[in-house]
Amino acid sequence: MSGPLVVHAVMVAGILFALGLTGLLARRNLLFMLMSVEVMLNAAGLGFIAAGARWGAPDGQVMFLFILTLAAAEVPVALALVLQVHRRFHTLDADAVTLMEG
């Protein structure tokens, strides 16, 4: 991959990561927050792929597989927590979680 293509791929990854971070910080709905985390994980994966392609090493692809594994493990746990919050509080507002008591 040539220099300008790597720069463009890293710029797209940075923009996606920034959008995901903005969505995570701005939204209060738990589902939108989870989607923002997924966008951030995909942006990190794109950055690793671009960097690996730049140096011709498979390290970026290996890291992307780790990121996909992490995302696959994160989704069921997070959705189970979202379901429990919805059952208990009848809302998906993240501020309602602050009312949880042990």
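Residues numbered from 1 in each chain as written. Predicted model: local features only at pLDDT ≥ 70, side-chain atom pairs only at ≥ 80, totals over all residues. Heavy atoms only, no water.

Caption draft 1: Just the overall build of the chain, in detail. When you go through the chain residue by residue, the secondary structure sums to 3 helices and 0 strands. The linear arrangement of helices and strands in the chain, starting from the amino end, is α-α-α. A compact globule built from 102 residues should have a C-alpha radius of gyration of about 13 Å, whereas the chain, at 17 Å, is more than 25% larger. Of all 102 residues assigned to the chain, the portion counted as buried reaches 24%. The long-range fraction of contacts in the chain, counting pairs at least 24 apart against all pairs at least 6 apart in sequence, stands at 56%. Carbon and sulfur atoms make up 74% of the accessible area of the chain, which amounts to about 6800 Å² in all. Taken together, the 5 basic and 6 acidic charged side chains of the chain have centroids lying 3 Å from each other. (Helix = DSSP H or I, 4+ residues; strand = E, 2+ residues; numbered from the N terminus. Rg over C-alpha atoms; globule rule 2.2 N^0.38 Å. Buried < 20%, exposed > 50% of the residue type's maximum accessible area, 1.4 Å probe, protein only. Contact = heavy atoms within 4.5 Å. Areas by Shrake-Rupley, 256 points an atom, 1.4 Å probe, with all protein chains shown as cover. Lys, Arg positive; Asp, Glu negative; His and termini not counted. Charge placed at Lys NZ, Arg CZ, Asp CG, Glu CD.)

Caption draft 2: Seen up close, the nonpolar core. One finds Leu30, Met33, Leu34, Ala78, Val82, Val85, Leu92 and Ala94 forming the largest nonpolar core, which totals 8 residues. With near-sequence residues (within four places) excluded, Leu30 lies in contact with Val82, Val85, Leu92, Ala94 and Val97. (Core = buried A, V, L, I, M, F, W, Y, C linked by side-chain atoms within 4.5 Å.)

Caption draft 3: Main features of helix 1 (residues 3-26). With 24 residues, helix 1 extends 34 Å between its outermost C-alpha atoms, agreeing within 8% with the 34 Å of an ideal straight helix rising 1.5 Å per residue. Those residues of helix 1 that fall on the buried side of the exposure criterion are Val6, Ala9, Ala13, Gly20 and Gly23. Here the buried face of helix 1 lies against helix 2 (30-55). (Expected span 1.5 Å × (residues − 1).)

Caption draft 4: Quick peek at the packing of aromatic side chains. In this structure the tally under the stated criterion is 0 aromatic pairs. Directly above the aromatic system of Phe32 lies the positively charged group of Arg27, at a separation of 4.3 Å from the ring centroid. (Phe/Tyr/Trp six-rings, centres within 6.5 Å; stacked < 30°, edge-to-face > 60°. Lys NZ or Arg CZ within 6 Å of the ring centre and 35° of its normal.)

Caption draft 5: Representation of the pattern of salt bridges. Enumeration according to the criterion identifies 1 salt bridge in this entry. One salt bridge in this structure joins Arg28 and Asp95, with 3.3 Å as the shortest N-O distance. Of this pair, Arg28 sits in the loop between helix 1 and helix 2 while Asp95 sits in the segment after helix 3 (59-89), placing them 67 residues apart in sequence. Note on Arg28: relative accessible area 37%, which makes it partly exposed. (Salt bridge = Lys/Arg side-chain N within 4 Å of Asp/Glu carboxyl O.)

Caption draft 6: Structural detail: the packing of helix 1 against helix 2. Packing of helix 1 against helix 2 leaves a shortest axis separation of 8 Å and a crossing angle of 165 degrees. Accordingly, the angle class assigned to the pair helix 1 and helix 2 is roughly antiparallel. Seen along the crossing, helix 1 lies across helix 2 with a hand that is left-handed. Along its contact with helix 1, which presents Val6, Ala9, Val10, Val12, Ala13, Leu16, Phe17, Gly20, Leu21, Gly23 and Leu24, the element helix 2 presents Met33, Ser36, Val37, Val39, Met40, Ala43, Leu46, Gly47, Ala50 and Arg54. When the residues that make up the contact of helix 1 with helix 2 are grouped by side-chain class, the tally is 16 nonpolar, 4 polar and 1 charged. (Axes fitted to C-alpha atoms, helices over the stretch in contact; angles between N-to-C directions. Parallel < 35°, antiparallel > 145°, perpendicular 65-115°, else oblique. Left-handed = near helix turned anticlockwise from the far one by under 90°. Nonpolar A, V, L, I, M, F, W, Y, C, P; charged D, E, K, R; others polar.)

Caption draft 7: Structural view of the environment of Ala73. Its location among the elements puts Ala73 in helix 3. Sequence-wise, Ala73 and His8 are 65 residues apart; in three dimensions their C-alpha atoms are separated by 30 Å.

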